[in-house]
2 protein chains.
Amino acid sequence: MIFYYAIQTVSVASQIALEEAGAEYEERLIDFRTTEQQSEEYLQVNPKGRVPALVTDQGIITETPAILGYIAQSNPAANLAPLHDPFQFAKMQEFNNYLCSTVHVNHAHKMRGSRWVEEDDEQSKAAMAAKVSRTMHDSFNLIENDMFVGPWVLGKDFSICDCYVFCISNWLVGDEVDIKDFPQIYEHHLRMRDRPAVQKVMAVHGL
Amino acid sequence: MIFYYAIQTVSVASQIALEEAGAEYEERLIDFRTTEQQSEEYLQVNPKGRVPALVTDQGIITETPAILGYIAQSNPAANLAPLHDPFQFAKMQEFNNYLCSTVHVNHAHKMRGSRWVEEDDEQSKAAMAAKVSRTMHDSFNLIENDMFVGPWVLGKDFSICDCYVFCISNWLVGDEVDIKDFPQIYEHHLRMRDRPAVQKVMAVHGL
């Protein structure tokens with residue numbers, strides 16, 4: 001497999017899951033500083049011009065929850081998701097879908113406001129950026145109080161949800177949110193940093 | 001099961017899937033006109049204050065891709081998803097995740113801008129709303145040209161992806177996008193309207 005990623009992006013989640021699964025893959029860095037994600041070559045891999053993308057023998061997969069689910073399903077021995085209970089599988093998906101459709105989107109309003117207003121509308125982009133600290137705080141408050149089961153996200157078993165929320169929890173400091181406001185998430189964040197798979201990926205990303 | 005929904009919202013996608021699966025469920029209408037989604041009673045069901053929510057014997061599921069996946073996995077005879085091939089399952093998820101994290105989010109910038117800027121910042125909210133027609137057009141262009149396999153979203157078999165993209169395709173007219181710009185999506189939309197399950201749900205929503 002080939003894993004396309006960019007430094008300190010949401011790629012971190014899938015890359016940790018690949019390491020936790022013990023999967024064999026090659027890494028290919030996409031350089032956001034030269035907007036390589038919009039290069040003709042990379043648009044052949046992912047026409048959305050985003051990372052990550054995972055090239056498999058059967059074809060290319062994009063979107064973090066889809067890549068995470070694939071890693072879990074194709075490496076069942078790693079036990080990275082509740083694969084045999086549709087309800088528990090749905091709770092896993094519910095968590096990851098909240099991260100992709102609400103939390104990541106909240107965060108994106110800081111630097112990627114031009115997705116939703118004109119590129120040169122500095123006033124609206126600043127108005128969006130100004131609210132990110134609050135929306136990210138509210139999202140992590142919900143995760144802390146209503147979603148996180150403990151000791152891992154879904155309960156007693158480590159899962160792909162832990163990789164994903166850990167990845168996003170690294171963005172909180174830049175979004176001016178104090179992770180210590182969420183004791184379970186903070187303790188989880190520290191515990192994640194002790195895992196060899198996490199340390200390997202964090203080194204790649206200079207984190 | 002109990003299915004909580006609101007009129008002409010993304011609930012339509014899951015409701016069609018429930019009908020296509022032949023699932024037994026009770027409907028409970030949440031009235032957005034009285035912001036019932038923020039009532040203390042409903043927040044007990046879904047602390048996010050959103051629809052849909054599906055109450056099962058094991059607990060409550062939220063987030064459209066999670067509910068759709070649950071319906072497919074718990075009604076395997078209905079053949080609503082590629083359940084036995086991790087790659088094809090991931091392609092299904094990739095499609096649904098694009099809808100929830102990009103397309104639905106684009107649409108939400110028309111009426112729900114106060115999620116991302118101050119409630120009274122009319123100028124920024126108007127700037128967001130002004131771009132929705134373009135972002136929705138671009139998203140459906142990508143779906144038409146790079147994602148839709150045909151005759152159904154994933155190929156020869158009908159799936160939960162068809163329920164979801166049909167639901168969102170109903171929003172295009174309000175977003176000032178001409179569905180006829182996307183010939184495959186338009187033909188799919190008309191074909192979906194012929195299905196008894198779709199007609200039953202559309203009648204509930206006055207569509």
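Provided above is the structure to which this section pertains.
Residues numbered from 1 in each chain as written. Chains lettered and ligands numbered in written order. Predicted model: local features only at pLDDT ≥ 70, side-chain atom pairs only at ≥ 80, totals over all residues. Heavy atoms only, no water.

**Q** Describe a nonpolar patch on the surface, naming the residues involved and giving the relevant values.
**A** A cluster of nonpolar side chains, Ile7, Leu29 and Val204 of chain A, forms an exposed patch at the surface whose accessible area comes to about 220 Å². Here Leu29 of chain A lies in strand S2 (residues 26-29). (Patch = residues over 30% accessible without salt bridge, like charges linked within 9 Å, V, L, I, M, F, W, Y side chains within 5 Å. Areas by Shrake-Rupley, 256 points an atom, 1.4 Å probe, with all protein chains shown as cover. Salt bridge = Lys/Arg side-chain N within 4 Å of Asp/Glu carboxyl O. Helix = DSSP H or I, 4+ residues; strand = E, 2+ residues; numbered from the N terminus.)

**Q** Can you explain the nonpolar core? Please cite residues and give values.
**A** In terms of nonpolar packing, the biggest core is built from 116 residues, with Phe140 and Ile143 of chain A together with Phe140 and Ile143 of chain B touching the most fellow members. The contact partners of Ile143 of chain A, leaving out residues within four places of it in the chain, are Phe95, Tyr98, Leu99, Val103, Phe148, Val165 and Ile185 of chain A. Val105, Ala108, Val117 and Met128 of chain A belong to the second largest nonpolar core, which has 12 residues in total. (Core = buried A, V, L, I, M, F, W, Y, C linked by side-chain atoms within 4.5 Å. Buried < 20%, exposed > 50% of the residue type's maximum accessible area, 1.4 Å probe, protein only. Contact = heavy atoms within 4.5 Å.)

**Q** Pulling in residues and values, what's your account of the environment of Gln8 of chain B?
**A** Residue and element names in this part refer to chain B. Tracing the backbone shows Gln8 in the loop between strand S1 (2-5) and helix H1 (11-21). Between the C-alpha atom of Gln8 and that of Trp171, which follows or precedes it by 163 residues, the distance is 9.0 Å. The contacts of Gln8, once residues within four sequence positions are left out, are Trp171, His205, Gly206 and Leu207.

**Q** Explain the relation of the copies chain B and chain A to me, and be specific about the residues and the numbers.
**A** Superposing chain B onto chain A takes a rotation of 180 degrees plus a shift of 0.0 Å along the axis, which leaves an RMSD of 0.0 Å. Such values leave the two copies arranged in the relation of a two-fold axis. In terms of C-alpha distance to the rotation axis, chain B has Ser101 of chain B as its closest residue, with the C-alpha 2.0 Å off the axis. A high fraction, 98%, of the interface residues of chain B reappear at the interface in chain A, so the copies pair face to face through one surface. (Least-squares fit on C-alpha atoms with pLDDT ≥ 70 in both.)

**Q** Any chance you could break down helix H5 (residues 122-147) of chain B for me, citing the residues and the numbers?
**A** For H5 of chain B, built from 26 residues, the straight-helix expectation of 38 Å at 1.5 Å per residue is met to within 8% by its first-to-last C-alpha distance of 35 Å. Where H5 of chain B bends most, at Val132 of chain B, the angle is about 40 degrees. (Expected span 1.5 Å × (residues − 1). Bend = angle between axes of the 7 residues up to and from the residue.)

**Q** If you had to explain the pattern of salt bridges to someone new, which residues and values would you point to?
**A** Residue and element names in this part refer to chain B. This model, assessed by the stated rule, comprises 24 salt bridges over all chains. Between Glu63 and Lys48 there is a salt bridge whose closest N-O contact spans 2.7 Å. With Glu63 in the loop between strand S4 (60-62) and helix H3 (64-74) and Lys48 in the loop between helix H2 (40-45) and strand S3 (53-55), this pair connects stretches of sequence that are 15 residues apart. Considered together, Glu63 and Lys48 belong to a single accessibility category, that of buried residues. Residues Lys91 and Glu94 are paired through a salt bridge, measuring 3.1 Å at the closest nitrogen-oxygen approach. In this pair, Lys91 and Glu94 both sit in helix H4 (residues 86-111), 3 residues apart, roughly one turn of the helix. By relative accessible area, Glu94 is classed as buried at 9%.

**Q** Requested: an account of the side chain of Ser169 of chain A, with residues and values cited.
**A** With respect to the helices and strands, Ser169 of chain A occurs in helix H6 (residues 160-169). Not counting residues within four places of it along the chain, the set of residues in contact with Ser169 of chain A comprises Phe140, Ile179, Ile185 and His189 of chain A.

**Q** Please set out the packing of aromatic side chains residue by residue, giving values where relevant.
**A** All names here are of chain A. Counting across every chain of the model gives 11 aromatic pairs over all chains. For the ring pair Phe3 and Tyr5, a centre distance of 6.3 Å and an interplane angle of 5 degrees mean the geometry is stacked. For Tyr5, a relative accessible area of 7% puts it in the buried group. For the pair Trp152 and Phe158, a centre-to-centre distance of 5.1 Å together with 85 degrees between the ring planes defines the contact as edge-to-face. One aromatic cluster is present, formed by Phe3, Tyr5 and Tyr25 through successive ring pairs. Positioned over the ring face of Phe158 is Arg195, at 3.7 Å from the centre of the ring. (Phe/Tyr/Trp six-rings, centres within 6.5 Å; stacked < 30°, edge-to-face > 60°. Lys NZ or Arg CZ within 6 Å of the ring centre and 35° of its normal.)

**Q** Explain the packing of helix H3 (residues 64-74) of chain A against H4 of chain B to me, and be specific about the residues and the numbers.
**A** Across the interface, H3 of chain A lies against H4 of chain B with an axial gap of 8 Å and an inter-helix angle of 160 degrees. If you check the angle between H3 of chain A and H4 of chain B, you find them roughly antiparallel. In terms of crossing hand, the pair formed by H3 of chain A and H4 of chain B is right-handed. On H4 of chain B, the residues that touch Pro65, Ala66, Gly69, Tyr70, Gln73 and Ser74 of chain A of H3 of chain A are Pro86, Phe87, Phe89, Ala90, Gln93, Glu94 and Asn97 of chain B. By residue class, the composition of the contact of H3 of chain A with H4 of chain B is 7 nonpolar, 5 polar and 1 charged. (Axes fitted to C-alpha atoms, helices over the stretch in contact; angles between N-to-C directions. Parallel < 35°, antiparallel > 145°, perpendicular 65-115°, else oblique. Left-handed = near helix turned anticlockwise from the far one by under 90°. Nonpolar A, V, L, I, M, F, W, Y, C, P; charged D, E, K, R; others polar.)

**Q** Provide a residue-level description of the interface of chain B and chain A, including the pertinent values.
**A** Counting residues at the interface gives 46 residues for chain B and 47 residues for chain A. Roughly 3900 Å² of surface becomes buried between chain B and chain A when both sides are summed, with 56% attributable to carbon and sulfur atoms. Our count for the contact surface shared by chain B and chain A stands at 2 salt bridges. We note a salt bridge from Arg134 of chain B to Glu118 of chain A, for which the minimum N-O separation is 2.4 Å. Applying the counting rule to chain B against chain A returns 19 residue pairs in polar contact (both at pLDDT 80 or more). When contributions to the side of chain B that touches chain A are tallied by element, the ones reaching two or more residues are S4, H3, H4 and H5 of chain B. (Buried area = accessible area lost by both parts, 1.4 Å probe. Polar contact = N/O pair within 3.5 Å; in protein donor to acceptor, adjacent residues only side chain to side chain.)

The quantities given are spatial measurements derived from coordinates; they are silent on function.
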